[in-house]
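For reference, the chains in residue letters:
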Amino acid sequence: MGAVVLVVEDEAKLRGLVRAFLEGEGLTVFTSGSGAEALTIGSRVRPDVVVLDLGLPDIDGEDVLRELRRSYDVPVLVLTARASEEDRIRGLELGADDYLTKPFSSRELVLRVLALLRRGGLAPAGTAPSSFGGGLLVIDDQRHEVRMRGGQVQVSPTEWGILCALARVPGRVCSRAELVNSVRGYEWEGYERVVDSHVKNLRRKLQDSPESPSVIETIIGAGYRLCLQRDA
Ligand code: CA
C-alpha cells in the first residue's frame, strides 16, 4: 500500500481533482469535506500527510490543524485562498509544514506532498542516537525521537528538520537561509520570521529559556546555533 494522504477540502470539484492527482502518484487518498469528519478520519487512518484547506464550513481549518497536531505530528500542507503574507505565515506558525495558495498546479501540489512524505521518512537503520550536553538532549534518527532531560519531546517535521540541521554542526552558527533550505530546499519571501517562529516553538518544547537560552542560541545578525557539545 502506498503512503496515505488525507485531503480536507469542502469544494467537491477541487477535492476530486486533488484526489486524482495524488492517486496518480500511487498514493492512497482519503477525503473529507468538513473539519469534524477530517478529525475523525485522521484519528482512524493516521495519514502520512494531510492536505488541509483553511476555509472549511464547520470548523476553522486552523483549529483542525491545531487539533491534528495535538494527537500526533503528521506533516500538514495547508491550502489557502487567503493570499496575504500574514495569513500564510500564520499557517506556518501554527505548525503547518508547507502551504499552497489557490489556484495551484497539479504538479506543484504533487511535488509538495511528495517532499513532505520524504521528510517524514525514517533515516536508514543502524544510526545510533546522537547525544548532546552530557545526555541533556538526545536525537534518535532511527526512531525519529527527541528527548530532553530524558523526557520525550513531540516536534513537528519542520522543527525536527531545524533541530537536526543545528545538531549536525554543534557550536556553529546556521543562518536562517541555511535552516530553511535544509528542511524545505528553497527560500521564499518572509521565511526568516517562519524560522524564528519554529525556533521559538522548539525552545518552548525543549524547555529552553527565551531570555537566556542554553540549548539554541540566537546570534544577532547571523542566525542560530546549538550551544550544547556533542557527547563522545
Ligand atoms: Ca474552502
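See the structure printed just above.
1. Remarks on the pairing of strand β4 (residues 76-80)
- Of all 5 residues making up β4, 5 are buried, and the element is well covered by its neighbours.
- Every second residue of β4 is oriented toward a common face, with Val76, Val78 and Thr80 on one face and Leu77 and Leu79 on the other, all of them buried.
- Examined bridge by bridge, strand β3 (residues 49-53) and β4 share 4 bridges and lie parallel to one another. Along β4, the bridge assignment pairs valine 50 with valine 76.
- For the segment spanning β3, helix α3 (residues 61-71) and β4, crossover handedness is right-handed.
- Direction of pairing for β4 relative to strand β5 (residues 98-101): parallel, over a ladder of 4 bridges. Across the sheet, the residue bridging to leucine 77 is aspartate 98, located in β5.

2. Notes on helix α6 (residues 157-168)
- When the terminal C-alpha atoms of α6 are compared, their 16 Å separation across 12 residues agrees well with the 16 Å that a helix rising 1.5 Å per residue should span.
- Within α6, 11 of the 12 residues are buried, which leaves it mostly tucked inside the rest of the structure.
- Here α6 has its buried residues at Pro157, Thr158, Glu159, Trp160, Gly161, Ile162, Leu163, Cys164, Ala165, Leu166 and Ala167.

3. Let's talk about the coordination of the calcium ion
- Looking at the calcium ion, one finds its protein donor set to be Asp10 (OD), Asp53 (OD) and Gly55 (O), positioned 2.2 to 2.4 Å from the metal centre.
- Along the chain, the residues donating to the calcium ion fall in the pattern D-x42-D-x1-G.
- The class of aspartate 53 is buried, set by a relative accessible area of 3%.

4. Some details on the nonpolar core
- The biggest cluster of nonpolar side chains holds 51 residues, and the ones touching the most others in it are Leu137, Leu206, Ile216 and Leu226.
- In terms of residue count, the dominant contributor to this core is α6 (7 residues).
- Mapping this core onto the domain boundaries places at least three of its residues in each of domain 1 (4-119) and domain 2 (130-226).
- Beyond its immediate chain neighbours, meaning those up to four positions away, leucine 137 contacts Ser130, Ser131, Phe132, Val146, Arg147, Met148, Leu163, Leu206, Val215, Leu226 and Leu228.
- Of all hydrophobic cores here, the second largest spans 18 residues; its members include Val49, Leu79, Leu100 and Leu116.

5. Re the sheet that holds strand β9 (residues 151-153)
- Taken in spatial order, the 4 strands line up as β6-β7-β8-β9 in an open sheet, and their pairing is antiparallel. Two strands lie at the open edges of the sheet, namely β6 (130-132) and β9, each paired on one side alone. Taking the axes of each pair of neighbouring strands and ignoring which way they run, one obtains an average angle of 25° across the sheet.
- The pairing of strand β7 (residues 137-140) with strand β8 (residues 145-148) spans 4 bridges and is antiparallel.

6. Quick word on α3
- Among the residues making up α3, those that are buried are Gly61, Glu62, Val64, Leu65, Leu68 and Arg69. The buried residues of α3 occupy an angular sector of 155° when the element is viewed end-on, so they sit on one face.
- Measuring from the backbone nitrogen of glutamate 62 back to the side-chain oxygen at the start of α3 gives 2.9 Å, which picks out aspartate 60 as the cap.

7. Details of the environment of aspartate 63
- Mapped onto the fold, aspartate 63 is located in helix α3.
- In sequence terms aspartate 63 and valine 155 are 92 residues apart; their C-alpha atoms lie 18 Å from each other.

8. Quick notes on the environment of serine 182
- Looking at where serine 182 falls in the secondary structure, it is placed in helix α7 (residues 176-184).
- You can call serine 182 partly exposed: its relative accessible area is 36%.
- Residues within four places of serine 182 in sequence aside, it is in contact with Gly161, Ala165 and Arg168.

About the criteria used
- Residues numbered from 1 in each chain as written.
- Predicted model: local features only at pLDDT ≥ 70, side-chain atom pairs only at ≥ 80, totals over all residues.
- Heavy atoms only, no water.
- Buried < 20%, exposed > 50% of the residue type's maximum accessible area, 1.4 Å probe, protein only.
- Helix = DSSP H or I, 4+ residues; strand = E, 2+ residues; numbered from the N terminus.
- Pairing = 2+ DSSP bridges.
- Right-handed = clockwise from strand over helix to strand, strands pointing away.
- Expected span 1.5 Å × (residues − 1).
- Donors = N, O, S within 2.8 Å, 3.2 Å for Na, K, Ca; no water.
- Core = buried A, V, L, I, M, F, W, Y, C linked by side-chain atoms within 4.5 Å.
- Domains from an automatic or database assignment.
- Contact = heavy atoms within 4.5 Å.
- Axes fitted to C-alpha atoms, helices over the stretch in contact; angles between N-to-C directions.
- Arc of directions from axis to C-beta.
- Polar contact = N/O pair within 3.5 Å; in protein donor to acceptor, adjacent residues only side chain to side chain.

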